[in-house]
Amino acid sequence: SCSERVTPAVPQLPATLGSLELKDTVVGVPAKKFLYRMHGKLTGSQNCIIGYYSLDKKNTLYISVFTDDEQAARALEKMLSKIEHSTAGFAPVTLGNKEDRCLYRTRGMGLTHCFYRQGNLILWWQAEPEKLEETLTYLLKEKFTLH
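Report follows, based on the coordinates.

Calculation notes
- Residues numbered from 1 in each chain as written.
- Predicted model: local features only at pLDDT ≥ 70, side-chain atom pairs only at ≥ 80, totals over all residues.
- Heavy atoms only, no water.
- Helix = DSSP H or I, 4+ residues; strand = E, 2+ residues; numbered from the N terminus.
- Expected span 1.5 Å × (residues − 1).
- Buried < 20%, exposed > 50% of the residue type's maximum accessible area, 1.4 Å probe, protein only.
- Arc of directions from axis to C-beta.
- Contact = heavy atoms within 4.5 Å.
- Salt bridge = Lys/Arg side-chain N within 4 Å of Asp/Glu carboxyl O.
- Polar contact = N/O pair within 3.5 Å; in protein donor to acceptor, adjacent residues only side chain to side chain.
- Pairing = 2+ DSSP bridges.
- Axes fitted to C-alpha atoms, helices over the stretch in contact; angles between N-to-C directions.

Turning our attention to helix 2 (residues 69-84). Here helix 2 contains 16 residues, and its C-alpha end-to-end distance of 23 Å stays within 8% of the 22 Å for a straight helix at 1.5 Å per residue. By the burial criterion, the buried members of helix 2 are Ala 72, Ala 75, Leu 76, Leu 80 and Ile 83. The buried residues of helix 2 occupy one face: seen down the axis, they fall within an arc of 140°. Opposite the buried face of helix 2, at more than 90 degrees from it, the exposed residues are Glu 70, Glu 77, Lys 78 and Glu 84. Structurally, helix 2 contributes buried residues whose contacts are with strand 7 (101-108), strand 8 (111-118) and strand 9 (121-127).

Laid out in structure tokens, this is it:
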């Protein structure tokens, strides 16, 4: 029917990020519910996928899919503002460039977190500090396409 909303597809996750192998994925409604519990609110994304690159879930890729680039850009700005004013234990966010991308970094919960926007996607990579640079190089070279 014309009134039904179509849920956007999610990108396929890379099988490996450097030396780390994809162990498990969560997609769609279960992923959105997980992010809702983590953030305590809706993110505004239309679909999500979570990829665990370690069994202990320390090395995790979260991707949120938005309707368009503009919506994703607004969501990223909201995310930055909330982290800046949060008491959730994150260090101040720093901005840098790597592989021709604007990349935001923070630390928290014993992990390093990097996030960025690629078109209508927001990607958040959390990794053990000693694994970050190697895996991030591979992640930033990925050209995620929706399936």
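Here we come to the pattern of salt bridges. Across all of its chains, the model carries 4 salt bridges by this definition. A salt bridge links Glu 70 to Arg 74; the nearest nitrogen and oxygen atoms lie 2.8 Å apart. Of the two residues, Glu 70 and Arg 74 are both situated in helix 2; the distance of 4 residues between them amounts to about one turn of the helix. Residue class for Arg 74 comes out partly exposed when judged on its relative accessible area of 48%. Residues Glu 128 and Lys 131 are paired through a salt bridge, measuring 3.2 Å at the closest nitrogen-oxygen approach. Residue Glu 128 is classed as buried on the basis of its relative accessible area of 13%. Residue Lys 131 is classed as partly exposed on the basis of its relative accessible area, which comes to 25%. If you follow the salt bridges from partner to partner, you end up with Lys 98, Arg 105 and Glu 133 in one network.

The residue Gln 126 is located in strand 9 in this model. For Gln 126, a relative accessible area of 9% corresponds to the buried category. For Gln 126, the side chain forms a polar contact with the main-chain oxygen of Lys 58, separated by 3.3 Å.

One open sheet accounts for 7 strands, arranged 3-4-5-9-8-7-6; its pairing is antiparallel. Of all the strands in the sheet, the pair left with one neighbour each is strand 3 (24-27) and strand 6 (94-98). Within the sheet, the average angular offset between the axes of one strand and its neighbour, ignoring direction, is 20°. In terms of strand pairing, strand 8 meets strand 9 through 7 bridges, oriented antiparallel. Across the sheet, the residue bridging to His 113 is Gln 126, located in strand 9. Together, strand 7, strand 8 and strand 9 form the strand contacts of helix 2, whose direction differs from that of strand 8 by roughly 150°.

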